[in-house]
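Residues per chain are reported as follows:
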Amino acid sequence: MSSASPDIPASVKVILATDCGSTTTKAIMIEQVDGVFRQTWRGEAPTTVEEPFANVTVGVLNALTEIQEVSGRRLLDDDGQIIRPATADAGCDIYISTSSAGGGLQMMVAGVVREMTAASAKRAALGAGAIVMDTIASNDKRRPHEQIQRIRELRPDMVLISGGTDGGDTKKVTEIAELIAPAKPRPRFGKSYELPIIFAGNVKAQSEMKRVFGDGGFDLKITDNLRPSLEQENLGPARDMIHDVFLEHVMAHAPGYDKLMSITDAPIMPTPGAVGDILQTIAKGRGINAVGVDIGGATTDVFSVFDGTFNRTVSANLGMSYSISNVCAEATLPTILRWVHIDMDERELRNRVKNKMIRPTTIPQTLEALVFEQAVAREALRLAYKQHKEFATTLKGVQQQRTVGDTFSQQSGGETIVDSMKLDLLVASGGVLSHAPRMHQTAMLLIDAFEPEGITELAKDSIFMMPHLGVLASVHETAAMEVFERDCLVFLGTCVAPKGLGKPGKTCFSWSLDGGARGSGELQFGDIELVELGPDETAEIEIKPARGFDVGAGNGKVVKQTIRGGTVGVILDARGRALALPEERSACQAAMSRVIDQIGLYPEPAAEAVAQTSGSTR
Amino acid sequence: MAKAYTPGLKVTASTHHEAHRVLPIPGEVKVAEGDTVEADTVVAETFMDGDITPLNVANLLSAQPGDVPELMLKKEGDAVEKDEPIARSKGVFGMFKAECRAPASGTLETVSSTTGQIMIRGASIPVQVKAYLPGRVLEVLPAEGVIIENEVALIQGIFGIGGETSGTIMMACSAHDEELDAPAITPEMSGAVVIGGARMTAAAIEKAREVGVAAVVSGGIDDSDLREILGYDLGVAITGTEKLGITVVVTEGFGEIGMAKRTFELLQARSGRMASVNGATQIRAGVMRPEILIPLEAGKTADSEETNHTESGVLELGTPIRVIRDPYFGLIGTVAALPESPQVLGSGSKSRVLDVALESGDTVTVPRANVELIET
Amino acid sequence: MSRVGLRSVLILTTLCTLCASGVVVAAMASNSAAAPPEPPTNLIAVDKPWDGGGVVELEWTASVTPDIKGYEVFVHQMVSPLVGELETNMQADAEAEDQTQEILEGEGVAPEDADQQARVEAENDVTLTTNEPEWTSMGIVLGNELAYTATGLDKATPYVFMVRTIGADSTASANSNITTQLIPVAAWFDGEKLPLFCILGVICGAVFLFVLLARNGMPMKIRTIAGLKAVDEAVGRATEMGRSILYINGIQDMDDLQTVAGVTVLGHVAKTAAEYDAKIEVPTSRSLVMTAARETVQASYFTAARPDAYNPDLIYYVTDEQFGFVAYVSGMMTREKPAACFYMGAFFAESLILAETGNSVGAIQIAGTAQPSQLPFFVAACDYTLIGEEFFAASAYLSGQPDQLGSLKGQDVGKILVGILIIIGVTLATIASATASAPGLAGLHESMTSAVDFLVNTILGS
């Protein structure tokens, strides 16, 4: 994007940022305190994209009003305009925003081969923060008329077409364009909207694209091939083009966004795109592999950076409110109940799930409801991560180099690059994770769903600030980094989990912290233990895995590493990987109860707690 | 700051309702401004582009794609019949010519010299929009559709399945908390909008479908029953396109829950009148709830007493509310207290709460997120 | 295995004959010293029941002379004129086959050429052996034994038997009665092969069982074969790059199993190509292979519901000449630069030429062959290689049909059984040889040796 970042960071003292989600608009205020930027106040209000308001700025101003009320700083003038620049006790210097309201950016992508150019196109679209409604490819097992039917049903905001390496195929990619053009996908916004088509394919096919999309109804944009050769992927230009088109076309047609765009100091970014940006920055800065997850009401986004390669997936129908029923349908209730240690009535649960779906904003009041909701969250995360692993792969269609030594170990292309053993940092965000009453619950949710192996740091996004910081980084990087380190992440602790399986009761590994000064012990297979290590503390851990277990250095090899504490501490997980819970219900309940006791997941509710776990008046 | 973030569903005895009846693509409007329309009057019509059948002529004739245009017997824009020869190869010395026949009837839309592919566009598909709401045409949107207005009693449900339909209101239950089971459905109810009380069973809906009932409205439904009717486990609450032959509207939620007394009485009072029902639900961006529209008797206008729309979502002491989450799911009461500071819930989380004085006389505390206003 | 077995039987027979005649001479020489003992009486010969033929059981009543050394058993084979010539031919055949194998393994020559060479050489090597139609001693048994089992007889010729008593001073008696003519025929079931039959039963039963289980929906897991999984990738590459796919089905005819396996894989590749709408080119070096390939590819295009895209002209015959074919294919590769090359079938010296050319034009290459000598070349130069058994399992792997998967699983049981037998046998033999010279372990050595003998002679048969 060619947006000019204001070159006046020195005078910037107060920054306002909003994120217009599909249900709530969250605003944060960042102020310079003692020379460093800190996030100071926040506020939120319902998003107002829908009727009766149909104007996103109303929600934004409501959220800012809340900050105004709690901070006592005047931000809006009498006309409801943001006061800029900041004075001593009023206004702000920079205002930025992200948006995923109204369903976010919805795209359709097309390519020649589903696993090759179409997959690259999908990666580009997802990386830019879009929701990919469908992927059309010449080998997607659909007959051309079925593809046309599908294209006609969809109402994308834009279409990305790729296909053919440079100098490669033109025939198939033209054929696909010839399917899309007569099908005339209807955009969501009005009839006057010219559907943007981005072509990022074979340079030799550009003239054909101009011919096919030339006559009316389309706005064809051409950019560099995102797969110039099969060995190479070049997503940058296509991603930038998607952002440009997003601002130019999509935002301009969404209710109230023209106004919002006029008051922001940086281009509005799709929320997931901004989250991806900040995660990439961290991973690059610290030289680590990181996975981020954002579980929302309707969708779950998974971001990963492994060895510098960024990937994002959106699991469209895995979420905790609108999509909760779908999680139950996909995971099945017995699978969800694996994570529940108490007996629950299945019929009652089914009805509760549906009631949550139709009234998505409710929150669990009883402990029982919370336990169940967190069980559903585990499955939603697990399914989303599985989809992510299947998508985040090495390039397909690449020539391999071999020696005779490879005779019996022929690795194929398209293997997943997500390696739970190499994972260093797992960041959680989204209501059910960041609003869990106890951090221990968040940590265990992450461990059970992602099954990290070896030594992995766990953190959560305190108030879902990552999107704001993602945009801020493009305007004022120092501020973004300072706030990120100080206020954004809450470190939960570190998970130590050896890979491998054994028999219950057999030794899994022994450990010692700081040479035994802060504790040491031995864990049997199937056990889990929590060791206190406070936030901002570090310690050196030495782990001696038993034979058949691996904590990163290899089978049975000792690992010594400095680890970071957190609000939860160090979780020593000897339940084995891949995590297998007992099949039998009562054994499974017992295993879960043990975990709950050891970690202290659900301590007895405090005396002043409102409703008891039971005791409904019905 | 005392706001309930879930504005309840509209249940009004009389309101002015405007129905936007718009074609998906431009077409012809069949009625004029000021016309009176019935529920099944076609107000606008258009023809959607027909289905496309692609055919690779180059492969069929073993020819180069570039040669395809000159091998075509039909030009772009010509009408073709199914099995009619549309292209012929040159053959060897004018012999052994291969022929290519049209796989479908329609119009030859494009001939590509790059891929050798042709497109045959089938006959147009008529698309009609009916009035749905009986009333008066308020405005004609040229080439798009119309806006129909009428004074109606409007009841929004929480969840529904099935599309638009209409019929006479008939009561199947005598009380708002009476379960709707199969015996309550009688053959006279064919074509009617049947009103139940509390939970409706799968058997009742199945019977209603056999009898030919247009729509069933009741307070609650069990998830297992819903699954039985649909034949699958509903994952995402986007409905309206089911082809069940019946429209089902749930006014309160899942489980054994009675219809709100007020809703029930409102419907009961209008028994025997025509109603338009739409089960389409979309609980997502662009939320859509199922609705029951009952046009007022001719000449009657909206009562002004019902139009005192308080600012939506404001919670005050004495506001009638309903709890929408277990353990008190479905109970109705009024706001008894609004403590300012957040409290710790049984689940361990902190949240802002309110006290509800229930109809039974008990007072319970629930998170503010778990109540909804009962709109009047 | 069978060839080796046959040869050793022949050698044994020859040795026996030689030894026996030596004994006869010795017996005759010491005959004149004293009065000869009485011969035994009531000699009866019975063909051994439940055997593989060639065994006759003899019984007689003891000689009246006390204190004898033993009895000598004699056999006379009735004449069967063709035996000599037949045997020579069999020996030559066996020799020729061995040599063909040697030539094939050593040099990269096509099989029929090797065959021809070997046959000529072998005929020169083998010499004639003939049998003397006289009383031949089969051996001597002790005086207290009154039965003898004659083995190693021909199961198609009639025999007569006779026994003489050998006196204490080694003088031989007169001949006993001569038995009636007897052909030691093979019974329909050889009792000694019972263990083998059991093993066979287990393997067949396993195949049968797994086929049934698979049909009833039991999931059969097959290890992922990278080479077959990569077919989609290779075809996809060709599609994206707008280039063709080259498929070489080996240079052997349809009578070679590898060619058949190659055609099966071709069906899968062609179906994928049809789905992707990619161009697949199949030059063949045998006309019959061309026909088979055409039918297979056409069927694949039909399965993929794209019969209009099938073009038979892309599957054609080049030449039978090994290197003529290779020259054509290499030339075509350099000119047209296919994006994917498949080599599935029997390959000889041309394997590396093809694979290197394909590599140099930047194609994804997948090879599959059961020629051990060519595998290293393919592994080094190709992206993926199906090795021997993987190649033959491809059809089960690709079709996923329960019958095929079940039989594959059943065969695995057989392999496991063989593996177990090898391990047991090797362990026993090791213990036996290790305890051979240990003084205190003679008993163990004895039992181990007999166990090995049982394993080798009875379970595995001869």
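Counting starts from 1 at the beginning of each chain's written sequence and moves along it residue by residue. Whichever chain is written first becomes A and whichever ligand is written first becomes 1, with later ones labelled in order. With pLDDT at 70 or above as the cut-off, local features in this predicted model cover only qualifying residues; side-chain atom pairs require 80 or more to be listed or tallied, and sums for whole chains, interfaces and linings still use all residues. Side-chain numbers come from the whole structure's heavy atoms, not from hydrogens or water.

### Regarding the confidence of the model for chain B
Definition in use: By definition, pLDDT measures how confident the predictor is in each residue, and it falls between 0 and 100. Here, residues are in contact when the closest pair of their heavy atoms is within 4.5 Å.
In this model, chain B carries a mean pLDDT of 83, and residues with pLDDT of at least 70 account for 90%. Under a pLDDT of 50 for its full length, residues 1-5 of chain B has, in the predicted model, 15 contacts with residues more than four places off or in other chains.

### As for the confidence of the model for chain C
All names here are of chain C. What counts here: Secondary structure counts use DSSP, requiring at least four H or I residues in a row for a helix and at least two E residues in a row for a strand, with both numbered from the N terminus.
The share of residues in chain C with pLDDT of 70 or more is 81%, and the mean pLDDT across the chain is 81. For chain C, the element scoring lowest by mean pLDDT is helix 1 (residues 2-29), at 44; strand 7 (residues 245-248) scores highest, at 96. Counting contacts from residues 1-32, a segment whose pLDDT is below 50, to residues more than four positions away or on other chains yields 20 contacts. Here residues 127-133 is a poorly scored stretch, pLDDT under 50, and it has five contacts once near neighbours within four places are set aside; other chains count.

### Quick notes on the packing of helix 7 (residues 257-276) of chain C against helix 8 (residues 287-303) of chain C
All names here are of chain C. As a reminder of what qualifies: Only the contacting stretch of a helix is used when fitting its axis, a line to C-alpha atoms as for every element, and angles between N-to-C directions run 0 to 180 degrees. Should the near helix be turned anticlockwise from the far one by less than a right angle, the crossing is left-handed, and should it be turned clockwise, the crossing is right-handed. Amino acids outside the nonpolar list (Ala, Val, Leu, Ile, Met, Phe, Trp, Tyr, Cys, Pro) and the charged list (Asp, Glu, Lys, Arg) are all regarded as polar, and Gly is one of them.
With their axes 8 Å apart at the nearest point, helix 7 and helix 8 run at an angle of 35 degrees to one another. As for how helix 7 packs across helix 8, the hand of that crossing is right-handed. Counted together, Thr259, Val263, Leu266, Gly267, Ala270, Lys271 and Ala274 of helix 7 and Val289, Ala293, Thr296, Val297, Ser300, Tyr301 and Thr303 of helix 8 form the full contact between these two elements. Along the lines of polarity and charge, the residues of the contact of helix 7 with helix 8 split into eight nonpolar, five polar and one charged.

### Description of the sheet that holds strand 26 (residues 353-358) of chain B
Residue and element names in this part refer to chain B. The line we're drawing: Should DSSP find at least two bridges between two strands, the strands are regarded as paired.
Strands sit in the order 27-26-23-22-28 across an open sheet of five strands; the sheet is antiparallel. In this open sheet, the two strands that pair with only one neighbour each are strand 27 (363-367) and strand 28 (371-373). When strand polarity is set aside, the average angle formed by the axes of neighbouring strands in this sheet is 50 degrees. Here strand 26 pairs with strand 27 via five bridges, running antiparallel.

### A word on the packing of helix 15 (residues 466-475) of chain A against helix 16 (residues 477-488) of chain A
Geometrically, a packed helix pair is captured by the angle between its two axes and the distance between the axes. All names here are of chain A. For the record, the criterion: Should an angle lie under 35 degrees it is considered roughly parallel, over 145 roughly antiparallel, and from 65 to 115 roughly perpendicular; all remaining angles are considered oblique.
The geometry of helix 15 relative to helix 16 is characterised by a closest axis approach of 6 Å and an angle of 155 degrees between their N-to-C directions. Considering the angle they form, helix 15 stands roughly antiparallel to helix 16. Residues Met466, Leu469, Leu472, Ala473 and Val475 of helix 15 form the contact with helix 16, whose own contacting residues are Glu477, Ala479, Ala480, Val483, Phe484 and Cys488. In terms of residue class, the contact of helix 15 with helix 16 is built from 10 nonpolar, no polar and one charged.

### Brief notes about the interface of chain A and chain C
Going by this rule: Buried area is a sum: the accessible area each of two parts loses on coming together, probed at 1.4 Å, counted once for each and added. Salt bridge, as used here: a side-chain nitrogen of Lys or Arg that lies within 4 Å of a carboxyl oxygen of Asp or Glu. A 3.5 Å cut-off defines polar contacts: any pair of N or O atoms within that distance qualifies, except that in protein one atom must be a possible hydrogen donor and the other a possible acceptor, and neighbouring residues in sequence count only when both atoms are side-chain atoms.
Taken together, the contacts link 35 residues of chain A with 27 residues of chain C. Carbon and sulfur atoms supply 47% of the area buried between chain A and chain C, which totals about 2,400 Å² over both sides. In terms of surface lost to chain C, no three residues of chain A exceed Gln399(A), Arg402(A) and Gln410(A), which account for 24% of the buried area on that side. Applying the counting rule to chain A against chain C returns four salt bridges. A salt bridge links Asp277(C) to Lys172(A), with the nearest nitrogen and oxygen atoms 3.1 Å apart. At the boundary of chain A with chain C, the tally comes to 13 residue pairs in polar contact (both at pLDDT 80 or more). At three residues, helix 4 (residues 171-183) of chain A tops the list of elements feeding residues into the side of chain A that touches chain C. When its residues are assigned to classes, the side of chain A that touches chain C shows seven nonpolar, 16 polar and 12 charged.

### A look at a nonpolar patch on the surface
The cut-off we apply is this: For patch detection, residues must exceed 30% relative accessible area and be free of salt bridges, and they are connected within 9 Å for like charges or within 5 Å for nonpolar side chains (Val, Leu, Ile, Met, Phe, Trp, Tyr). Each accessible area is a Shrake-Rupley estimate made with a 1.4 Å probe; only the visible protein chains count as cover when residues are assessed.
A contiguous nonpolar surface patch, about 300 Å² in accessible area, is contributed by Leu194(C), Phe197(C) and Leu200(C). Mapping Leu200(C) onto the fold places it in helix 4 (residues 194-215).

### What to know about the side chain of Ser321(A)
All names here are of chain A. To keep things clear, this is the line we draw: Burial classes: relative accessible area under 20% of the type maximum marks a residue as buried, over 50% as exposed, and values in between as partly exposed (1.4 Å probe, protein chains only).
Locating Ser321 in the fold gives a position in the loop between strand 13 (309-315) and helix 9 (324-331). In this structure Ser321 comes out as buried when scored by relative accessible area, which is 8%. If sequence neighbours within four positions are ignored, Ser321 has contacts with Gly297, Lys356, Met357 and Pro360.

### As for the pairing of strand 5 (residues 147-150) of chain C
All names here are of chain C. Residues of strand 5 alternate between two faces, with Tyr148 and Ala150 buried on one and Ala147 and Thr149 left unburied on the opposite face. When strand 2 (residues 56-61) meets strand 5, the two strands line up antiparallel, connected through four bridges. Bridge pairing links Leu58 to Tyr148 in strand 5.

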